[in-house]
Amino acid sequence: MEQFFKLKERGTTISKEVIGGITTFLAMAYILAVNPSILCADGATGMSWGAVFTATALSAAIATLVMAFCANLPVALAPGLGLNAFFTYTVVLGMGCSYQLALTAVLIEGILFIILSLCGIREAIIKSIPEGLKKAVAVGIGLFIAIIGLANAGIVSANTGTLIGYVNFTMANKAAIVAVIGLIITIVLYTLKVPGAILVGIIITTIIGIPFGVTKIPENFKPFSTPSAPHLFAFDFKGIFCTPAGKFSIAVLGQFFVIFFTFLFTDLFDTIGTLLGVAEQGNLKDSNGEVQNVKGALMADAVGTAVGACLGTSTVTSFVESSSGVAAGARTGLASVTTGILFLFALFLSPLFFLIPSAATAPALIFVGYLMMRSVVEIKFDDPTEGIPAFITIITMPFSYSIAKGITWGIISYVITKCAAKKTKEIPVVTWVLAIIFVADIIFESLK
């Protein structure tokens, strides 16, 4: 393990990696319950809850293990939020397409990503992002996951008379109270330099939630279960470009390409943003300041997407919650191995993992927001051509609830400010290309 994962070189140990991997898993285990709920939509899409649950766990495990052995990075992957909602509510229920059509778009996206990763095109895109924007991405992701944590715990709400505000901490908001207690515990443990402070905080908060009724232990609780996945591998291409009557349709084919490109661009920049943020936080960079083993990381994302589609789930992508594991000490792929194995165990221990409420994982996400915010001091805000794009990137991610949109508007504003300051020579060619693509995409969206 020392030779393969280079533990000493990255200043870590086996115990730190295992704790970091467990922390990442606990922070993102909610996807095991959320993804099937969204994709099945109470049976409206025709997908099986048991099949999607198993597909979610297996695709997450496979992709995360590929990340471990191909990239040696502490980044976990699973079907992404946002993309699964687009899959269900826009493609299947909104556009009236079959889930087979949507899965086909995801599969082809994954295959294309594998080709782009082998050719180094995705790697070139990452290298084209200016250094200031890379640090802004890390800060923006920090704020983004902090807001996710606050919302998951019910600490903030849109039902407070303002756009968003803190709730009243009454017994009617027990989850919020438990989350605040958990955050205090995590802060104290981290300040005292307790090993695995974030993970310990999650466990203690889960226990505290029992008397509050936030951690709910069902009657006849059984920690072990047998996964149910009917038709798991029944990926069916039959009639995907046809109307319900079975006839080939140009209109359906046109819908397919709209779906395909939406999945493609959103996943591309969500993944890039996550890798940049985690690398910045854990200092996982090479001598040129680039993400270590980025080609392997992008390949893991591509393989995960293709495999996930075949198993029967929406786009698999890198999870920002990986930063919680990095905050707990993870620095290598050994943490990803731990997370991947836990996803496999989750197939049989799902009742046990589902005991952990969002109020217990929320403090970890909020605290990681602080840890990722530290990169903000390295951004050159005194230079408008660097500071303004960084600022736009930072505020767009949490307020649009999208990492991809943060990168989109950050790149566009970077080109605009550099042109205004007559510093066009500082803009890389790939950055120009990205800005043009982003503007075209915005115009295309407005015309739909």
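All values derive from a computational prediction rather than experimental measurement.

Draft legend 1. The arrangement of the overall build of the chain in detail. Along its length, the chain carries 18 helices and 4 strands. Residue burial in the chain is summarised as follows: out of 448 residues, 55% are buried. In the chain, the share of contacts with a sequence separation of at least 24, taken over all contacts with a separation of at least 6, comes to 78%. Surface summary for the chain: the accessible area is close to 19,000 Å², and the carbon and sulfur share equals 68%.

Draft legend 2. Spatial organisation of helix α5 (residues 83-92). Taking burial as the measure, the 10 residues of α5 include 7 buried ones, the bulk of the element. Taken together, the buried positions of α5 are occupied by L83, N84, F86, F87, T88, V91 and V92.

Draft legend 3. The packing of helix α3 (residues 31-40) against α5, seen in detail. Packing of α3 against α5 brings their axes to within 8 Å, and their N-to-C directions diverge by 20°. By the angle class used here, α3 and α5 are roughly parallel. Between α3, through I31, N35, I38 and L39, and α5, the contact on the second element is made entirely by N84, A85, F87, T88 and Y89. In the contact of α3 with α5, the residues fall into 6 nonpolar, 3 polar and no charged.

Draft legend 4. Highlighting the nonpolar core. M67, F87 and F269 are the most contacted members of the largest nonpolar core, which totals 116 residues. For this core, the element with the highest residue contribution is helix α11 (residues 250-282), accounting for 12 residues. The residues touching F269, leaving out its near neighbours within four places in the chain, are I125, I403, A404, I407, L434 and F438.

Draft legend 5. How the structure looks around the packing of aromatic side chains. Within the structure shown, the criterion is met by 6 aromatic pairs. With a centroid separation of 4.8 Å and 65° between ring planes, the pair formed by Y190 and F367 is classed as edge-to-face. With Y190 in helix α9 (residues 174-191) and F367 in helix α15 (residues 358-373), the pair connects residues that are 177 residues apart, well separated along the chain. Connected via pairs of aromatic rings, a cluster forms that spans F4, F5 and F69.

Draft legend 6. Local environment of the confidence of the model for the chain. When the pLDDT values of the chain are averaged, the result is 83; 90% of them are 70 or greater. Element-level mean pLDDT values for the chain span from 74 in α11 up to 94 in strand β1 (residues 77-79).

Draft legend 7. View of the layout of surface pockets. Roughly 350 Å³ of internal volume is contained in the second largest pocket. Secondary structure elements with two or more residues in the lining of the second largest pocket: α2 (14-28), α9, α10 (197-212) and α13 (322-327). Among the elements that make up the lining of the second largest pocket, the one with the highest residue count is α2 (3 residues). Taken together, the residues that form the lining of the second largest pocket break down as 11 nonpolar, 5 polar and 5 charged.

Draft legend 8. Summary view of the packing of α9 against α10. Relative to each other, α9 and α10 sit at 150°, their axes nearing to 9 Å. Taken as axis vectors, α9 and α10 run roughly antiparallel relative to one another. Between α9 and α10 lies a crossing of right-handed hand. For the pair formed by α9 and α10, the contact residues are K174, I177, V178, I181, G182, I185, T186, L189 and Y190 on the first element and A197, I198, V200, G201, I204, T205, I208, G209 and F212 on the second.

Draft legend 9. Highlighting empty space enclosed by the protein. Taken as a whole, this structure holds 3 cavities of 30 Å³ or more when the rule is applied. Quantified by volume, the largest cavity comes out at close to 40 Å³. Lining the largest cavity are K134, L276, A279, E280, K285, G289, E290 and V291. The element that contributes the greatest number of residues to the lining of the largest cavity is α11, accounting for 3 residues. Partitioning the lining of the largest cavity into residue classes produces 3 nonpolar, 1 polar and 4 charged.

Draft legend 10. Quick peek at the pattern of salt bridges. If you walk through the whole model with that rule in mind, you get 10 salt bridges. Linking E131 and K135 is a salt bridge whose minimum nitrogen-to-oxygen distance equals 3.7 Å. On the criterion of helical spacing, the pair formed by E131 and K135 is a turn pair, its members being 4 residues apart in helix α8 (residues 131-152). Notably, a salt bridge pairs D383 with K423, separated by 4.0 Å at the nearest N-O pair. Taken together, the residues D383 in the loop between α15 and α16 (384-400) and K423 in the loop between α17 (403-420) and α18 (429-447) connect sequence positions 40 residues apart. Accessibility expressed as a relative area gives 28% for K423, which makes it partly exposed. It is possible to trace a salt-bridge network through shared partners that takes in E131, K135, E280, K285 and E378.

Draft legend 11. Layout of the side chain of T206. In this fold, T206 is placed in helix α10. Note on T206: relative accessible area 13%, which makes it buried. Not counting the four nearest positions on each side in its chain, T206 is found in contact with T215, L355, I356, P357 and A360.

Draft legend 12. Looking closely at the environment of E378. By secondary structure assignment, the location of E378 is in the loop between α15 and α16. Along the primary structure E378 and A136 are separated by 242 residues, whereas in three dimensions their C-alpha atoms are 9.3 Å apart. Sequence-distant contacts of E378, that is, excluding residues within four places in its chain, are made with K135 and E280. A polar atom in the side chain of E378 sits 2.8 Å from the side chain of K135.

How each quantity is defined
- Residues numbered from 1 in each chain as written.
- Predicted model: local features only at pLDDT ≥ 70, side-chain atom pairs only at ≥ 80, totals over all residues.
- Heavy atoms only, no water.
- Helix = DSSP H or I, 4+ residues; strand = E, 2+ residues; numbered from the N terminus.
- Buried < 20%, exposed > 50% of the residue type's maximum accessible area, 1.4 Å probe, protein only.
- Contact = heavy atoms within 4.5 Å.
- Areas by Shrake-Rupley, 256 points an atom, 1.4 Å probe, with all protein chains shown as cover.
- Axes fitted to C-alpha atoms, helices over the stretch in contact; angles between N-to-C directions.
- Parallel < 35°, antiparallel > 145°, perpendicular 65-115°, else oblique.
- Nonpolar A, V, L, I, M, F, W, Y, C, P; charged D, E, K, R; others polar.
- Core = buried A, V, L, I, M, F, W, Y, C linked by side-chain atoms within 4.5 Å.
- Phe/Tyr/Trp six-rings, centres within 6.5 Å; stacked < 30°, edge-to-face > 60°.
- pLDDT = per-residue confidence, 0-100.
- 1 Å grid on protein atoms, 1.4 Å probe; cavity = no way out; pocket = protein on both sides within 12 Å on 5 of 7 lines; lining within 4 Å.
- Points joined across faces, edges and corners; volume = space filled by probe spheres on them.
- Left-handed = near helix turned anticlockwise from the far one by under 90°.
- Salt bridge = Lys/Arg side-chain N within 4 Å of Asp/Glu carboxyl O.
- Polar contact = N/O pair within 3.5 Å; in protein donor to acceptor, adjacent residues only side chain to side chain.

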